[in-house]
Structures are given as C-alpha cells and as structure tokens.
Amino acid sequence: MFAYPAGFLRAVESGLVGLEPWWLLEGESLCTRVAGLRERFPGRRLVPFARREDNDDVACWDLDSGTVRVIHDFTTPGRENRREFVTFYDWLRAAVEDFIEFG
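An account of the accompanying structure is given in this report.

The rules behind these values
Residues numbered from 1 in each chain as written. Predicted model: local features only at pLDDT ≥ 70, side-chain atom pairs only at ≥ 80, totals over all residues. Heavy atoms only, no water. Helix = DSSP H or I, 4+ residues; strand = E, 2+ residues; numbered from the N terminus. Rg over C-alpha atoms; globule rule 2.2 N^0.38 Å. Buried < 20%, exposed > 50% of the residue type's maximum accessible area, 1.4 Å probe, protein only. Areas by Shrake-Rupley, 256 points an atom, 1.4 Å probe, with all protein chains shown as cover. Salt bridge = Lys/Arg side-chain N within 4 Å of Asp/Glu carboxyl O. Phe/Tyr/Trp six-rings, centres within 6.5 Å; stacked < 30°, edge-to-face > 60°. Core = buried A, V, L, I, M, F, W, Y, C linked by side-chain atoms within 4.5 Å. Contact = heavy atoms within 4.5 Å.

## Here we look at the overall build of the protein
Moving on, step 1. When you go through the protein residue by residue, the secondary structure sums to three helices and six strands.
Moving on, step 2. Counting from the amino terminus, helix and strand elements in the protein follow one another as α-β-β-α-β-β-β-β-α.
Moving on, step 3. In terms of overall size, the protein behaves like a compact globule, its C-alpha atoms giving a radius of gyration of 13 Å where 103 residues would be expected to give roughly 13 Å.
Moving on, step 4. A principal-axis box enclosing the C-alpha atoms of the protein has dimensions of 35 × 30 × 25 Å.
Moving on, step 5. Taken across its 103 residues, the protein has 39% of its residues classed as buried.
Moving on, step 6. With an accessible surface of roughly 6200 Å², the protein has 52% of that area assigned to carbon and sulfur atoms.

This is how it looks when you write it as structure tokens:
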C-alpha cells in the first residue's frame, strides 16, 4: 500500500501544484497516467505525481527503490530512466531550478 509522503502533502497544501514546466497530476489525468504507466512499463512499480509539459517526462515514486524517478514516458522499456532523486524534496529543488530556467 502506498501513502503520499508528508513533504508532498505539505507542498500540495501550500498550493505548489504548478511549477512550470512541472504540474502535479490529479483527478482523471492522474488515473490515466497510472493506468498508462502500468501498461507501458509492467515490470515497474511507479506512482506518478507530476508531469512535465514540454516533453513526456513524468516524476514518480519508484516503490522498488524508494526513490523519486523522472521517467520518459512513451518510450521503450529499459530506456525510460531520466533522473533519480533520493527524496521528494530533492526533486522539488530540481523542479524549482527547471521553473527558473523555463521562464
């Protein structure tokens, strides 16, 4: 069973749902992405939480490694890994840097 980490919940409660180019997934788009990742990468246990608007990158919790992984969705299995972060806050710091560069 998966429980959202406290840092993620704090970010959502603080309104950090969009740090362009990253957007937190919610509702139908979250459900669609979960189902799609399971279909495209059946050997992975990924829980997506954000998507990047300018490409097919998705930030996910990797339940096997306990890390946050940015994967490139819609690619061949085995080629999807882009970046890895130890914690959600590590990913969030990188997302803020992407926000600065994107603007």
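Alright, that's what it looks like, and here's the rest.
## Side note on the pattern of salt bridges
Moving on, step 1. A complete count under the given rule lists eleven salt bridges for this structure.
Moving on, step 2. One salt bridge connects R40 with D73, and the closest N-O pair in it is separated by 2.6 Å. Taken together, the residues R40 in helix α2 (residues 27-40) and D73 in the loop between β5 (67-72) and β6 (81-85) connect sequence positions 33 residues apart.
Moving on, step 3. Residue class for D73 comes out buried when judged on its relative accessible area of 0%.
Moving on, step 4. Between D57 and R82 there is a salt bridge; the shortest N-O distance is 3.2 Å. Taken together, the residues D57 in strand β4 (residues 57-62) and R82 in strand β6 connect sequence positions 25 residues apart.
Moving on, step 5. The class for D57 is buried, based on a relative accessible area of 8%.

## Brief notes about the packing of aromatic side chains
Moving on, step 1. Enumeration according to the criterion identifies 14 aromatic pairs in this entry.
Moving on, step 2. Centroid distance W22 to W91: 5.4 Å. Interplanar angle 80°. Geometry classified as edge-to-face. Taken together, the residues W22 in strand β2 (residues 22-24) and W91 in helix α3 (residues 88-102) connect sequence positions 69 residues apart. Each member of the pair, W22 together with W91, is buried.
Moving on, step 3. Their ring planes at 85° and their centres at 4.9 Å tell us that F49 and W91 sit as a pair that is edge-to-face. One end of the pair, F49, is in strand β3 (residues 46-52); the other, W91, is in helix α3, and 42 residues separate them in sequence. W91 matches F49 in its accessibility class, with the two residues each being buried.
Moving on, step 4. Linked through ring pairs, F2, Y4, F8, W22, F49, W61, F88, Y89 and W91 together constitute an aromatic cluster.

## Quick look at the nonpolar core
Moving on, step 1. By size, the foremost hydrophobic cluster in this structure holds 18 residues, and its most contacted members are W22, F49, A50, A59, W61, F88 and W91.
Moving on, step 2. For this core, the element with the most residues is α3, which contributes five residues.
Moving on, step 3. In contact with W91, other than residues within four places in its own chain, are W22, F49, A50, A59, V68, V70 and F85.
Moving on, step 4. Of all hydrophobic cores here, the second largest spans eight residues; its members include L30, F41, L46 and V58.

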